[in-house]
Amino acid sequence: MGSLVGKKAPSFNATAVVNGNEVINNFSLDQFIDKKYVLLFFYTKDFSGICPSELHDFQEKLSDFQSRNVEVIGCSTDSEESHLNWLDLAKDKGGIKGIKYPLISDMSKTISANYGTLAGEYEMDEDDQLIATGPMIPYRGLFLIDKSGIVQHQLINFFTLVRNVSEELRTVDALIYFEKNGEFCPVKK
């Protein structure tokens, strides 16, 4: 799959855990169109060794994103029950207790596949269902989606390369600067 930059973000309806403990069905990007920017990021697995540090960093900077009208959303191929169990586990025990932004459950793996982050060998059958022969977990993908639903920024890292959340704030600032001023944001602005 090629880049999604400049294209409409693939839509989805999925189950998500919001506010750290509430399961929502039919969670969709559509609810944010014309209202908020969306920073959608994919992580490999619940209960993994390195993912908690990244998820906690997004939480620590959540108010910075919110002040810029950005909805932060995480996604993995784990179930909502797995998300809830991980959210119930303390940080010092490898958990993500305290995370308040939505975590999507992509058990069907179609969201990860549509965003080009799904690792593993697979193909789609005639019913648009995945047929897999591998781990089928997402790479560390990240997508900044504007208020019109267009992907403005895309980053996909291998499992071992974590993202710099502060850099993502700078990228949001650059997009907002461009939209406000009609010109490119200078370096280090």
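Residues numbered from 1 in each chain as written. Predicted model: local features only at pLDDT ≥ 70, side-chain atom pairs only at ≥ 80, totals over all residues. Heavy atoms only, no water.

## Focus: helix 1 (residues 51–60)
Consideration 1: Here helix 1 lies mainly inside the structure; 8 of its 10 residues are buried.
Consideration 2: If you check which residues of helix 1 are buried, you get Cys51, Pro52, Glu54, Leu55, His56, Asp57, Phe58 and Gln59. (Buried < 20%, exposed > 50% of the residue type's maximum accessible area, 1.4 Å probe, protein only. Helix = DSSP H or I, 4+ residues; strand = E, 2+ residues; numbered from the N terminus.)

## Some points on unusual backbone geometry
Consideration 1: Backbone geometry places Asn19, a non-glycine residue, at a positive phi of 55°.
Consideration 2: Within the secondary structure, Asn19 is located in the loop between strand 1 (13–18) and strand 2 (22–28).

## What about the packing of aromatic side chains?
Consideration 1: All told, the structure shown has 13 aromatic pairs when counted by the stated rule.
Consideration 2: Through successive ring pairs, a cluster of aromatic residues spans Phe41, Tyr43, Phe47, Phe58, Phe65, Trp86 and Tyr101. (Phe/Tyr/Trp six-rings, centres within 6.5 Å; stacked < 30°, edge-to-face > 60°.)

## Topic: the nonpolar core
Among soluble globular proteins, nonpolar side chains are generally buried collectively.
Consideration 1: With 24 residues, the main nonpolar core has Leu39, Phe41, Leu55, Phe58, Phe65, Val72 and Tyr101 as its most contacted residues.
Consideration 2: At the level of elements, strand 3 (37–42), helix 1, helix 2 (62–67), strand 4 (70–76), helix 3 (80–87), strand 10 (140–145) and helix 5 (165–181) are the ones that each hand at least two residues to this core.
Consideration 3: The biggest single contributor to this core is helix 5, with 4 residues.
Consideration 4: Residues contacting Phe41, with those up to four places away along its chain left out, are Leu55, Phe58, Val72, Ile73, Gly74, Cys75, Tyr101, Gly141, Leu142 and Arg163.
Consideration 5: Counting 20 residues, the second-largest nonpolar core is a separate cluster that includes Phe27, Phe32, Val38 and Phe143. (Core = buried A, V, L, I, M, F, W, Y, C linked by side-chain atoms within 4.5 Å. Contact = heavy atoms within 4.5 Å.)

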